[in-house]
Amino acid sequence: MIEDNYRQRGLRNNLVKKLRLKGILDEEVLAAIGKVPRHAFFDDALLSHAYEDKAFPIGEGQTISQPYTVAFQTEKLRIRPSDKVLEIGTGSGYQAAILVEMGAKVYTIEFQKKLYERTKEFLPSLGYKPYFFFGDGSKGILSKAPFDKIIVTAGAPVIPTALIEQLAEGGIMIIPVGDREKQMMLKITKRNGKITQEEFDNFAFVPLLGEQGWGGK
Ligand code: SAH
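We now turn to the structure provided with this report.

What counts, and where the lines are drawn
Residues numbered from 1 in each chain as written. Predicted model: local features only at pLDDT ≥ 70, side-chain atom pairs only at ≥ 80, totals over all residues. Heavy atoms only, no water. Helix = DSSP H or I, 4+ residues; strand = E, 2+ residues; numbered from the N terminus. Rg over C-alpha atoms; globule rule 2.2 N^0.38 Å. Buried < 20%, exposed > 50% of the residue type's maximum accessible area, 1.4 Å probe, protein only. Contact = heavy atoms within 4.5 Å. Areas by Shrake-Rupley, 256 points an atom, 1.4 Å probe, with all protein chains shown as cover. Lys, Arg positive; Asp, Glu negative; His and termini not counted. Charge placed at Lys NZ, Arg CZ, Asp CG, Glu CD. Near = heavy atom within 4 Å. Polar contact = N/O pair within 3.5 Å; in protein donor to acceptor, adjacent residues only side chain to side chain. Nonpolar A, V, L, I, M, F, W, Y, C, P; charged D, E, K, R; others polar. Core = buried A, V, L, I, M, F, W, Y, C linked by side-chain atoms within 4.5 Å. Salt bridge = Lys/Arg side-chain N within 4 Å of Asp/Glu carboxyl O.

Attention now goes to the overall build of the chain. Per the secondary structure count, the chain includes 6 helices and 9 strands. For the chain, whose C-alpha radius of gyration is 16 Å, the value lies close to the compact-globule estimate of 17 Å for 217 residues. In terms of overall dimensions, the chain has C-alpha extents of about 50 × 35 × 35 Å along its principal axes. Counting all 217 residues of the chain, 50% fall into the buried class. Of all intrachain contacts in the chain linking residues separated by at least 6 positions in sequence, the fraction that spans at least 24 positions is 55%. Element-wise, carbon and sulfur atoms account for 51% of the exposed surface of the chain, whose accessible area totals about 10,500 Å². On the chain, the mean spot of the 30 positive side-chain charges and the mean spot of the 27 negative ones are 2 Å from each other.

Quick look at the structure:
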């Protein structure tokens, strides 16, 4: 078991306050951030940074998303308990933990074998048990579709058509789309088979690789 003492809980409460001031309103998102022990996702050397509102390296050249970004994307999804959610880019597992904490049924897919293996081992040790998949998430997970919500946590060049197809009727997808340096956050909603798109601020994610991403692996 990892230690979660009053000091860490205090730092976490401060982070929640900061996110509130930055405009995050959804109380359930804030409550989840107040509960998931973010420091458990950090190496000892970086522990003091766990509750700063910043992204950090997690090895294999990848990052754990900034708390504000996690909160922003999660808020836009309007998560309801028992929602079936697909996450592209498991990474550290922090975002998946937030979704599980909110009661969602989470399917998360990662393209880097080492990260997939590491997080699949680690996250359940904190009590968070999404379904883990290894592979190219730009194609979604056809065998598990449709999904009520889809969250893409890597920057895409375009909206992958496979993900639109795998979104349930009434579903919401949140995805950063742009070039390799910066991406605009898009919220895609499917109603009566039709797609509507809302645009939000710019963010900077690592690139979405794979067939319907930037290619490569
Ligand atoms: N959600 C993560 C942060 C992800 S960083 C967290 O909470 O920590 C983006 C992740 O997307 C990286 O781990 C990267 O390897 C992964 N990725 C990039 N392209 C992918 C693809 N096509 N399918 C699945 N994962 C991908």
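Having seen the structure, we can now continue with the description.
It is worth spelling out the site of the ligand at this point. Taken together, 28 residues surround the ligand, and among them Gly-89, Ser-92, Glu-110, Gly-137 and Leu-209 come closest. Within the side chain of Asp-136, an N or O atom sits 3.0 Å from a nitrogen atom of the ligand. Out of a free accessible area of 580 Å², the ligand has 99% covered by protein chains. Looking at the shell around the ligand, the elements with two or more residues in it are strand E2 (62–64), strand E3 (84–88), helix H4 (94–101) and strand E4 (105–110). Sorting elements by how many residues they give to the shell around the ligand places E2 first, with 3 residues. Within the shell around the ligand, the residues separate by chemical class into 11 nonpolar, 14 polar and 3 charged.

With that settled, the discussion passes to the environment of Gln-197. Mapped onto the fold, Gln-197 is located in strand E9 (residues 194–203). Separated by 11 residues in the primary sequence, Gln-197 and Leu-186 have C-alpha atoms spaced 6.6 Å apart. A distance of 3.4 Å separates the side chain of Gln-197 from the side chain of Glu-199, its partner in a polar contact.

This part takes up the nonpolar core. In terms of nonpolar packing, the biggest core is built from 45 residues, with Leu-19, Ile-24, Ile-33, Phe-41, Tyr-94, Ile-98 and Leu-123 touching the most fellow members. At the level of elements, helix H1 (6–21), helix H2 (27–35), strand E1 (56–59), helix H3 (67–77), H4, helix H5 (113–122) and strand E7 (167–178) are the ones that each hand at least two residues to this core. Excluding residues that lie within four positions of it along the chain, Leu-123 makes contacts with Phe-41, Gly-93, Ala-96, Ala-97, Tyr-128, Pro-130 and Phe-132. Formed by 19 residues, the second largest nonpolar core is a distinct cluster that contains Ile-88, Ala-156, Ile-159 and Met-173.

Before going further, it helps to spend a moment on the pattern of salt bridges. Counted according to the given criterion, the structure contains 7 salt bridges. A salt bridge links Arg-12 to Asp-4, with the nearest nitrogen and oxygen atoms 3.0 Å apart. According to the relative accessible area criterion, Asp-4 is partly exposed, its value standing at 28%. The salt bridge involving Lys-22 is made with Asp-53; its shortest N-O contact spans 2.4 Å. Here Lys-22 is found in the loop between H1 and H2, whereas its partner Asp-53 is found in the loop between H2 and E1, with 31 residues between them in sequence. By relative accessible area, which is 41% here, Lys-22 ends up partly exposed. A relative accessible area of 10% places Asp-53 in the buried class.

Relative to the helices and strands, Gln-8 resides in helix H1. Accessibility expressed as a relative area gives 14% for Gln-8, which makes it buried. Beyond its immediate sequence surroundings of up to four residues, Gln-8 is in contact with Glu-3, His-39 and Tyr-51.

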